[in-house]
Amino acid sequence: MNAQSSQQQPNDGRHDDDAALTDFLASLMDYTPTIPDELVEHYLAKSGFQCPDVRLTRLVAVATQKFIADVATDALQYCKARQSAVVKDKRDKQQKDKRLILTMEDLSKALQEYGVNVKHQDYFADSPSAGLDPVARDE
């Protein structure tokens, strides 16, 4: 009798997982993600994936939203750490402006934690017309 009950417990747990997954997928039908379905479908199609099920598209949208939120939170922590280090260096000068300025370095460090390497090129403008079209320079 114990053998039967021990065999039923994993099946019951599996049944609970299946029921939870079914409930979660059903709840995705009523959920409107921050990232539009059309945008997710575009990038899924661009990568070669097509699925007519809206629930799967919304699941990808929710996962993407979570990833972006995690990266933004980590970048904010890097920004706060960087700006607090600057304040410690300049103790004599008190800052009235307490706004946080997110830099590309903060974002790059946060993305690096998730395995995304961002290499950005340094841009230098030696004149006000640098970076403009040649036609726009003449005007």
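Residues numbered from 1 in each chain as written. Predicted model: local features only at pLDDT ≥ 70, side-chain atom pairs only at ≥ 80, totals over all residues. Heavy atoms only, no water.

- You'll find the chain entered in an unreviewed UniProt entry as Transcription initiation factor TFIID subunit 10, with Forsythia ovata given as the organism.
- Under the UniProt heading Sequence similarities (unreviewed entry), the note attached to the chain is "Belongs to the TAF10 family."
- Reading the Subcellular location (unreviewed entry) entry of the UniProt record for the chain gives the comment "Nucleus". (UniProt positions renumbered as here; feature names shortened; annotations may be inferred.)

1. A few points about the overall build of the chain
Item 1. Secondary structure summary: the chain contains 5 helices and 0 strands in total.
Item 2. Tracing the chain from N to C terminus, the helices and strands come up as α-α-α-α-α.
Item 3. Considering only contacts within the chain whose residues lie at least 6 apart along the sequence, 61% involve residues at least 24 apart. (Helix = DSSP H or I, 4+ residues; strand = E, 2+ residues; numbered from the N terminus. Contact = heavy atoms within 4.5 Å.)

2. Let's talk about helix H2 (residues 37–46)
Item 1. When H2 is considered as a whole, its buried residues turn out to be Asp37, Val40 and Leu44. Projected down its long axis, H2 carries its buried residues within an arc of 65°, all on one side. In this structure, H2 carries Glu38 and Lys46 as exposed residues pointing more than 90 degrees from its buried face.
Item 2. Following H2 by one or two positions, glycine 48 has its phi on the positive side, about 95°. (Buried < 20%, exposed > 50% of the residue type's maximum accessible area, 1.4 Å probe, protein only. Arc of directions from axis to C-beta.)

3. Observations concerning the packing of aromatic side chains
Item 1. Within the structure shown, the criterion is met by 1 aromatic pair.
Item 2. Taken together, a centroid distance of 5.5 Å and an interplanar angle of 80° make the contact between phenylalanine 67 and tyrosine 114 edge-to-face. Here phenylalanine 67, found in helix H3 (residues 54–89), pairs with tyrosine 114, found in the loop between helix H4 (104–113) and helix H5 (134–138); they are 47 residues apart in sequence, far enough to count as distant. (Phe/Tyr/Trp six-rings, centres within 6.5 Å; stacked < 30°, edge-to-face > 60°.)

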